[in-house]
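Tertiary structure, described
Residues per chain, in single letters:
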Protein chains: 2
Amino acid sequence: MKADLDRLMETEGLDALVIPAAENDNPYRAYLSNGAHYTGDVIKKRGEPPVLLAHAMERDEAAKSGLIVYTYDELGYGQLYYEHGHDMDAFNAAWYRRIFEKLAVSGHVAFYGVGDINRMFRMLLYLRDALADRVTIVPGAVNPNLFNKAYETKDTDEIARLRDVAARTSAVAQAARAWIAEHCAENRHAENRRVIQADGSPLTIGDVKRYVRGQLFERDLEDIEGMIFAQGRDAGVPHSKGEDSDPVRLGETIVFDLFPREPGGYFHDMTRTWCIGYASPEAQAAYDAVMEAYHRSIRMCKPGTPTANLQEMVCAYFEERGHPTVRNTPGTTDGYVHSLAHGLGLNVHEAPYFRSKASDYHIQVGNVFTIEPGLYYPERGYGVRIEDTVTINESGSVEVLTDCPYDLIIELNG
Amino acid sequence: MKADLDRLMETEGLDALVIPAAENDNPYRAYLSNGAHYTGDVIKKRGEPPVLLAHAMERDEAAKSGLIVYTYDELGYGQLYYEHGHDMDAFNAAWYRRIFEKLAVSGHVAFYGVGDINRMFRMLLYLRDALADRVTIVPGAVNPNLFNKAYETKDTDEIARLRDVAARTSAVAQAARAWIAEHCAENRHAENRRVIQADGSPLTIGDVKRYVRGQLFERDLEDIEGMIFAQGRDAGVPHSKGEDSDPVRLGETIVFDLFPREPGGYFHDMTRTWCIGYASPEAQAAYDAVMEAYHRSIRMCKPGTPTANLQEMVCAYFEERGHPTVRNTPGTTDGYVHSLAHGLGLNVHEAPYFRSKASDYHIQVGNVFTIEPGLYYPERGYGVRIEDTVTINESGSVEVLTDCPYDLIIELNG
């Protein structure tokens, strides 16, 4: 958690962290600046609170962090730009030298954040040489990096925000289920009848997504990554988002994966699989197996358990029932084709990860992660996934933050 | 424009561009992949169309680009990860070697995109050495970089999309103006009376923003960067976003800066300054001066004109009227405190830029940029900015894409 940063910096031998100015959506900056909306730098020296550098236009927004803010002008940005602006390499060196002098930064410094790869690669190569008399710029450990390690557990304030986003997201999913159920089925005898709206037109996936976006909007959540509402074959390809123009049909599996966030803040992540009216025996069996894998996974969520053990258990469980998995059939697009879970917070995917190989994560108090087993058969026209976000609370027990029925079948009552 | 990329690559001596896989919102990937929603790589060799690399889960989304897609599995990702996943440096080297072999990439290669600074710095340092027998990894020019140069002019398809986003954004701003006008004023004699809702409660800035977000939602636009609706002193700080809890008051300047985008695509950017009921003579004079600066700027928008000339003209115009500017008072927070304009497209700020110093941009056919003069006096409690987005069309004339009245005063008719 955030309070671990100084210790993690010490472990890596870092004297300061820099989040350089950039306009991109930047979880690193949000983490250190308490979610302030500005685009400038953060400088954090070990053992001291972060300091923010902001353009004068953004000074009031930066000040909402509750941290010390220097404006660029206070550091003489304008004059340096006037002198060096024709040569951005030289300007960057002069500017970071000024910052490091003003804030008494020296020793080993690592740059983190989200930004323009090319610009940052060039800038860091240049700074590394140009400022070598003052600081040693290091890339830092990468897998996991220092922030990933901090993100792995959440403090009380973060859990409270994640719980709030969970409640709002769950309400949206429940509303969507209830709203779909208000519709009626096409009045004819046929396979794959369509769901019909009050005006007689078919309900499309685009209509459902629009309804869901409206519900998210009502609850101040943003669908920044784009929800999945994928039917039939598309449900069998885990990250296919669903085709807006497709009519919603009875008897097809629908994978509804919702992962909104509060603006600039924390995510939730949940998935339900629905069949309207009825399910094929094969889809029903896949759903039953996925639910059982889900429950077995939840029971294994105890502090100290390697996350890889859960992925191994789920692979074994599915393999015993004849499903290919990423363990026994690397590269498979049929069966169980992904890892079981991932942490989330300011990033929709972050530590801890739940891969079977090359990972060294253990379940800990303060973790917030998904549990999301699934089975996929695109060529047979279906896919199933069930996903909740959970946390490991202070007593070491698992608490499910998502609150939405798991039932596969939605009966139409319109 | 996009068609210039091969020529720009040749100028910089680049044989291939790589957009590495990353989950971040990534205008570089959107540009090369025609807006496909996936998180994998793009490889573009000079003289050839881009090729996409996607996780199997995202293969259908990547295919919507209309470009060739390879799945990670087709390139043997799983096996490489199994062999090297415990050492991400070695894995990255093996993986990019595999990609470069498969796609016959050699020579000078530059990595672009938006990503994790620290991870990318480390990866590129490592790849530069580990793959030196096959490719020369170069940072490329930075100010402007190759993409910035391409972004500077838009092709017909891009202009059409920007025009569409402009029309929808303008409709939102007009609706907001009309909606505010439907309210009534507090029934008392006082300075700075409040605007009142039908239920008698004061209309707050949070209420207005919520209405605007609803209007954006209705038109499939996202407020990804967070609009500005800032009143009084806050209007005098160009990037202060406005306080949700503040009641909207008569007689205060309100700076309303709206810069939404279509999901994953193109931005619009516009600002209006409003005073409800009446304006102080000082604010009215500032508004008149800003409008005159706007019109003079528009008249200078001709192909071949250095953008710095417009910034110089506006500084001179304001200075003659006694306002401090960034030209005669570097670092000022009173008067004209920013540059006149910026290009926009997949980024809300991109080339061309309109600074007076250290810039070498000329107005060209196919440019899309803002014109946004402003005057700011936070300590005197007001600020004024007027901003439209314009394009330079094939005949060389300027076309204003924003469509919204400029009138300062909103009369309440509720």
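Residues numbered from 1 in each chain as written. Chains lettered and ligands numbered in written order. Predicted model: local features only at pLDDT ≥ 70, side-chain atom pairs only at ≥ 80, totals over all residues. Heavy atoms only, no water.

**Let's talk about the overall build of chain A**
For clarity, the threshold we go by: Helix numbers and strand numbers start at the N terminus; a helix is a DSSP run of H or I with at least 4 residues, a strand a run of E with at least 2. Relative accessibility decides the category of a residue: with a 1.4 Å probe and only protein chains considered, values under 20% of the type maximum give buried, values over 50% give exposed, and everything between is partly exposed. With residues, only the protein chains shown are counted as cover, and all accessible areas are computed by Shrake-Rupley using a 1.4 Å probe. Here Asp and Glu are counted as negative and Lys and Arg as positive; His is not counted, and neither are the chain ends. Taken as the charge centre is NZ of Lys, CZ of Arg, CG of Asp or CD of Glu, depending on the residue.
Secondary structure summary: chain A contains eleven helices and 20 strands in total. For chain A, the C-alpha atoms occupy an extent of roughly 80 × 50 × 40 Å along the three principal directions. Looking at the 414 residues of chain A, the share that counts as buried comes to 58%. Total accessible area on chain A stands at roughly 15,300 Å², and carbon and sulfur atoms take up 47% of it. Charge separation in chain A, taken as the distance between the mean sites of 42 positive and 62 negative side-chain charges, equals 2 Å.

**So, the state of the cysteines**
All names here are of chain B. Formally: Throughout, disulfides are identified as pairs of cysteine sulfur atoms within 2.5 Å of each other.
Within this structure, the stated rule accounts for zero disulfides over all chains. Residue Cys-275 stays outside any disulfide, its sulfur separated by 15 Å from that of Cys-404, the closest cysteine. Overall, the relative accessible area of 0% leaves Cys-275 in the buried class.

**Digging into the relation of the copies chain B and chain A**
Rule in force here: A residue counts toward the fit only if its pLDDT is at least 70 in both copies, and the copies are then superposed by least squares on the C-alpha atoms of those residues. Contacts: residue pairs with any heavy atoms within 4.5 Å of one another.
Relative to chain A, chain B is turned by 180° and slid 0.0 Å along the rotation axis, the superposed coordinates differing by an RMSD of 0.0 Å. Expressed as an axis order, the relation between the two copies is that of a two-fold axis. When the interface residues of chain B are mapped onto chain A, 99% of them again lie at the interface, so the same face is used by both copies.

**With respect to the pattern of salt bridges**
Residues and elements named next belong to chain B. Which entries qualify depends on this criterion: The term salt bridge refers to a side-chain nitrogen of Lys or Arg lying within 4 Å of a carboxyl oxygen of Asp or Glu.
According to the stated counting rule, one finds 58 salt bridges over all chains in the structure shown. Between Arg-327 and Glu-319 there is a salt bridge, with its nearest N and O atoms 2.7 Å apart. What makes Arg-327 partly exposed here is its relative accessible area of 35%.

**Things to note about the layout of surface pockets**
If a probe as big as a water molecule is rolled over the atoms, it shows which places are left empty. All names here are of chain B. Going by this rule: Both site types are read off a 1 Å grid over the protein atoms alone. A 1.4 Å probe that fits but cannot get out defines a cavity, while an open set with protein on both sides within 12 Å along at least five of seven lines defines a pocket; lining residues have an atom within 4 Å of a point. Grid points are joined across faces, edges and corners, and a volume is the space filled by probe spheres set on the points. Lys, Arg, Asp and Glu make up the charged group, whereas Ala, Val, Leu, Ile, Met, Phe, Trp, Tyr, Cys and Pro make up the nonpolar group; the residues left over, Gly among them, are polar.
In this structure, the second largest pocket spans a volume of roughly 200 Å³. Taken together, 13 residues make up the lining of the second largest pocket; nearest its centre are Lys-154, Thr-156, Ile-159, Asn-393 and Glu-394. When contributions to the lining of the second largest pocket are tallied by element, the ones reaching two or more residues are helix H8 (156-181) and strand E18 (388-392). If one sorts the elements of the lining of the second largest pocket by residue count, H8 sits on top with four residues. Considering only residue class, the lining of the second largest pocket consists of five nonpolar, four polar and four charged.

**Structural notes on the side chain of Thr-305 of chain A**
All names here are of chain A. Definition in use: Pairing of N or O atoms within 3.5 Å defines a polar contact, subject to two protein rules: one partner must be a possible hydrogen donor and the other a possible acceptor, and residues neighboring in sequence count only if both atoms are side-chain atoms.
Position of Thr-305 among the secondary structure elements: in the loop between helix H10 (281-299) and helix H11 (307-320). Residue Thr-305 is classed as buried on the basis of its relative accessible area of 15%. Among the polar contacts made by the side chain of Thr-305, one reaches the main-chain carbonyl oxygen of Lys-302 at a distance of 3.0 Å. In this structure Thr-305 touches Met-300, Leu-310, Tyr-361, His-362 and Ile-363, once residues within four positions along its chain are discounted.

**Remarks on unusual backbone geometry**
Residues and elements named next belong to chain A. In this structure, the amide linkage connecting Ala-351 to the following residue, Pro-352, adopts the cis form with an omega of 0°. Along the polypeptide, Pro-352 turns up in strand E14 (residues 350-353). For Asp-220, which is not a glycine, the phi torsion comes out positive at approximately 55°. Assignment of secondary structure puts Asp-220 in the loop between helix H9 (205-218) and strand E10 (228-231).

**With respect to the sheet that holds strand E12 (residues 270-276) of chain A**
All names here are of chain A. Under the convention used in this document: Pairing between strands is defined by DSSP: at least two bridges between them are needed. To obtain each axis, a line is fitted to C-alpha atoms, and for helices this fit is confined to the stretch in contact; angles are then taken between N-to-C directions over 0 to 180 degrees.
One open sheet accounts for four strands, arranged E10-E11-E12-E20; its pairing is mixed. Every other strand in the sheet has two partners, leaving E10 and strand E20 (409-410) as the edge strands with one partner each. Taken together, the four bridges between E10 and strand E11 (residues 253-258) define a ladder with antiparallel strand orientation. Residue pairing in the sheet places Phe-229 in a bridge with Phe-256 of E11. Against the sheet, H9 engages E10 and E11, with an angle of about 160° to E10.

**A look at H11 of chain A**
Residues and elements named next belong to chain A. To be explicit about the condition: In this analysis, the expected span of each helix is defined as 1.5 Å times one less than the number of residues it contains.
Counted at 1.5 Å a residue, the expected span for H11 with its 14 residues is 20 Å, and the 21 Å between its end C-alpha atoms agrees. Within H11, ten of the 14 residues are buried, which leaves it mostly tucked inside the rest of the structure. Within H11 the residues assigned to the buried category are Thr-307, Ala-308, Leu-310, Gln-311, Met-313, Val-314, Cys-315, Tyr-317, Phe-318 and Glu-319. Buried residues along H11 sit against H10, E14, strand E15 (368-371) and strand E16 (374-377). In the stretch just after H11, Gly-322 is the one whose phi turns positive, near 90°.

**Remarks on the interface of chain B and chain A**
For clarity, the cut-off: Accessible area that two parts lose when put together, evaluated with a 1.4 Å probe and summed over both, is termed the buried area.
Listed as interface residues are 69 residues of chain B and, on the opposing side, 68 residues of chain A. Its largest share of buried area at the contact with chain A, chain B owes to Met-57, Ile-117 and Phe-121 of chain B, together 13% of the area lost on that side. Viewed at the interface, chain A and chain B are joined by ten salt bridges. Between Arg-210 of chain B and Glu-218 of chain A there is a salt bridge whose closest N-O contact spans 3.9 Å. Summed over the shared surface of chain B and chain A, the result is 25 residue pairs in polar contact (both at pLDDT 80 or more). Listed by contribution, the elements that provide at least two residues to the side of chain B that touches chain A are helix H3 (59-63), helix H4 (77-84), helix H5 (88-102), strand E5 (107-111), strand E6 (114-116), helix H6 (117-130) and helix H9 (205-218) of chain B. If one sorts the elements of the side of chain B that touches chain A by residue count, H6 of chain B sits on top with nine residues.

**Considerations on the side chain of Glu-372 of chain B**
Residues and elements named next belong to chain B. Along the polypeptide, Glu-372 turns up in the loop between strand E15 (368-371) and strand E16 (374-377). According to the relative accessible area criterion, Glu-372 is buried, its value standing at 9%. Among the polar contacts made by the side chain of Glu-372, one reaches the side chain of His-342 at a distance of 3.0 Å. Leave out the neighbours within four places in its chain, and Glu-372 touches Asp-269, His-338, Ser-339, Leu-340, Ala-341, His-342, Arg-385, Ile-386 and Glu-387.

**So, the domain arrangement of chain A**
All names here are of chain A. Note the cut-off: For the domains described, the bounds stem from an automatic or database domain assignment.
The domain architecture assigned to chain A consists of domain 1 (2-150) and domain 2 (152-410). Here the C-alpha centre of domain 2 lies 37 Å away from the C-alpha centre of domain 1. Listed per partner, the contact involves ten residues of domain 1 and eleven residues of domain 2. Carbon and sulfur atoms make up 43% of the area that domain 1 and domain 2 hide from each other, which totals about 820 Å². The three residues of domain 1 that bury the most area against domain 2 are Asp-25, Pro-27 and Tyr-31, which together make up 37% of that side's buried surface. Counting across the interface, domain 1 meets domain 2 through one salt bridge. Two residues, Asp-25 and Arg-261, come together in a salt bridge whose shortest N-O distance is 2.9 Å.

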